[in-house]
Amino acid sequence: MRYILVLCLSVMLFGASSYDFNEYKFVSAAAATFKQSGNISFDNSKTIITYSQPKYKQIIDDGTDVTITGKSGKTYKLKGKALFYTKLFIDVMRRLGDIKYLKKSRDFLLVKKENIYIVEFKNEIKDQVLKAEVEAKNSKVKSFKLFMKNGDTLEIIKR
């Protein structure tokens with residue numbers, strides 16, 4: 001389940017309709033960092049994350065269901081806790097990517113230090129994520145990093 005949660009953390013980050021990104025995931029238990037690259041696109045009700053490297057994977061949140069399709073073309077639908085947490089993380093990522101929402105949201109506590117916003121969560125997400133750091137330049141999110149309770153981190157950098 002942790003893999004699915006971390007995978008979906010890379011979902012919504014910068015508030016654009018489509019952009020390419022690099023994802024750096026540090027897994028504390030393995031003491032290793034893994035890199036993935038892909039593209040994310042979204043509209044009001046649908047989010048599509050397509051990983052192109054090192055292997056193909058597509059995650060689609062249509063507002064109701066979350067499906068994952070691998071290189072083989074096999075698709076499966078998330079259920080139960082995996083669905084709940086994945087949708088929660090997708091929502092958080094979407095909101096972290098919008099500076100205006102980030103500044104006004106009552107779901108976050110913010111502290112600004114130069115071009116970095118330190119984000120502490122108030123809702124269910126705080127059970128999984130200690131904090132986030134969002135880097136912004138000229139009122140646009142450039143990257144963010146999530147710090148998980150288990151010592152893992154996930155960093156998304158817009159290309």
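If you're wondering where the values come from, they're calculated on a predicted model, not measured in any experiment.

## Here we look at the confidence of the model for the protein
Line of reasoning, step 1. Looking at the protein as a whole, the pLDDT averages 84, with 90% of positions reaching at least 70.
Line of reasoning, step 2. Ranking the elements of the protein by mean pLDDT puts helix H1 (residues 2-9) last, at 45, and strand S6 (residues 75-77) first, at 96.
Line of reasoning, step 3. Segment residues 1-16 is flagged for pLDDT under 50; beyond a separation of four residues in sequence, or across chains, it makes 77 contacts in the model.

## Observations concerning the sheet that holds strand S8 (residues 116-121)
Two pairing modes exist for strands in a sheet, parallel and antiparallel, and in both the strands are linked by backbone hydrogen bonds.
Line of reasoning, step 1. Read across the sheet, 11 strands follow the order S6-S5-S4-S3-S2-S1-S11-S10-S9-S8-S7 without closing on themselves; strand pairing throughout is antiparallel. Each edge of the sheet is formed by a strand with only one pairing partner; in this case those strands are S6 and strand S7 (108-113). Averaged over all adjacent pairs, the angle separating strand axes in this sheet is 20 degrees, with direction ignored.
Line of reasoning, step 2. As paired strands, S8 and strand S9 (residues 129-137) are joined by four bridges and run antiparallel to one another. Within S9, the position partnered with Tyr117 by the bridge is Val134.

Rules used throughout
- Residues numbered from 1 in each chain as written.
- Predicted model: local features only at pLDDT ≥ 70, side-chain atom pairs only at ≥ 80, totals over all residues.
- Heavy atoms only, no water.
- pLDDT = per-residue confidence, 0-100.
- Helix = DSSP H or I, 4+ residues; strand = E, 2+ residues; numbered from the N terminus.
- Contact = heavy atoms within 4.5 Å.
- Pairing = 2+ DSSP bridges.
- Axes fitted to C-alpha atoms, helices over the stretch in contact; angles between N-to-C directions.

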